[in-house]
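Spelled out, the chains give:
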Amino acid sequence: MAKGKRKVPDINSSSTADIAFLLLIFFLITTSMDTDRGLARRLPPPPEQDQKKDDSDKVKERNVMTVFLNMNDQLMANGEYVNVDQLRDMAKEFIANPYNDETKPEKHAKDIPFFGTMQVTEKHVVSLRCDRGSSYKAYLAVQNELVAAYNELRDELAQEKWGMNYAALDEDQQKAIRDIYPQKISEAEPKKYGDKK
């Protein structure tokens, strides 16, 4: 039997589909994808079925800071037009009510771990309403200023008590500061209040 030449099959694994698949796998393995993040808000618990409604549950007017962004991206806080860069200081003054002003949130004594008995304004609410015509950029700027007001108050208190920023504190210390400055931003569903001209 004569030895014949054996034919070696051609190996052609460089097809476009194979390369595309390998690249896809490579990118899926080596990249991290950002997850969508929303705005951190704590919703109030739903009312119980047998809970009676009484006037003590109503929020007093002095405890509410109304913030409204109109269709022209003009900002109004507590009935007066303000610039976005004024909002943070206004919100801080409202939330903390350092001089126990009767037009700002009422204070009451509360026992706080690490701090003892403190006068807090935990019944305050920052109520944000936006016109549907307002821009998303303006809306985010307002949101950022309101959240920054809480962050600054918390950082200032953490620095005063422990000489550290709020983010550097342990969980119990952070909770104590949140008890003094709970973030209470209430957002109404955007409505169309007028037409742009």
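Above this text is the structure in question.
Draft legend 1. Inspection of unusual backbone geometry at higher detail. A positive phi is found at N78, a non-glycine position, where the angle reads about 50°. Residue position: N78 is located in the loop between strand 2 (75-77) and strand 3 (80-82). Relative accessible area serves as the criterion here: at 40%, N78 is assigned to the partly exposed category.

Draft legend 2. Region of the structure containing a nonpolar patch on the surface. A contiguous nonpolar surface patch, about 630 Å² in accessible area, is contributed by F21, L22, L24, I25, L28 and I29. Looking at the secondary structure, you find F21 in helix 1 (residues 16-30).

Draft legend 3. Main features of the packing of aromatic side chains. Considering all chains together, one arrives at 4 aromatic pairs under this definition. Geometrically, the ring pair formed by F114 and W162 is edge-to-face, given 5.5 Å between the ring centres and 80° between the ring planes. Highlighted residues: F114 in the loop between strand 4 (108-112) and strand 5 (116-120) and W162 in helix 3 (residues 136-162), separated in sequence by 48 residues. Given the relative accessible area of 24%, W162 is considered partly exposed. In this structure an aromatic cluster arises from ring pairing among F114, F115 and W162. One Lys or Arg, R154, reaches over the ring of Y166 and ends 5.6 Å from the middle of that ring. The cationic tip of K161 hangs over the ring face of F115; the distance from NZ or CZ to the ring centre is 5.2 Å.

Draft legend 4. How the structure looks around the side chain of Q174. Relative to the assigned elements, Q174 resides in helix 4 (residues 171-180). Residue class for Q174 comes out buried when judged on its relative accessible area of 17%. With residues up to four places along the chain from it excluded, the contact list for Q174 reads Y166, A167 and L169.

Reading the values: the criteria
Residues numbered from 1 in each chain as written. Predicted model: local features only at pLDDT ≥ 70, side-chain atom pairs only at ≥ 80, totals over all residues. Heavy atoms only, no water. Helix = DSSP H or I, 4+ residues; strand = E, 2+ residues; numbered from the N terminus. Buried < 20%, exposed > 50% of the residue type's maximum accessible area, 1.4 Å probe, protein only. Patch = residues over 30% accessible without salt bridge, like charges linked within 9 Å, V, L, I, M, F, W, Y side chains within 5 Å. Areas by Shrake-Rupley, 256 points an atom, 1.4 Å probe, with all protein chains shown as cover. Salt bridge = Lys/Arg side-chain N within 4 Å of Asp/Glu carboxyl O. Phe/Tyr/Trp six-rings, centres within 6.5 Å; stacked < 30°, edge-to-face > 60°. Lys NZ or Arg CZ within 6 Å of the ring centre and 35° of its normal. Contact = heavy atoms within 4.5 Å.

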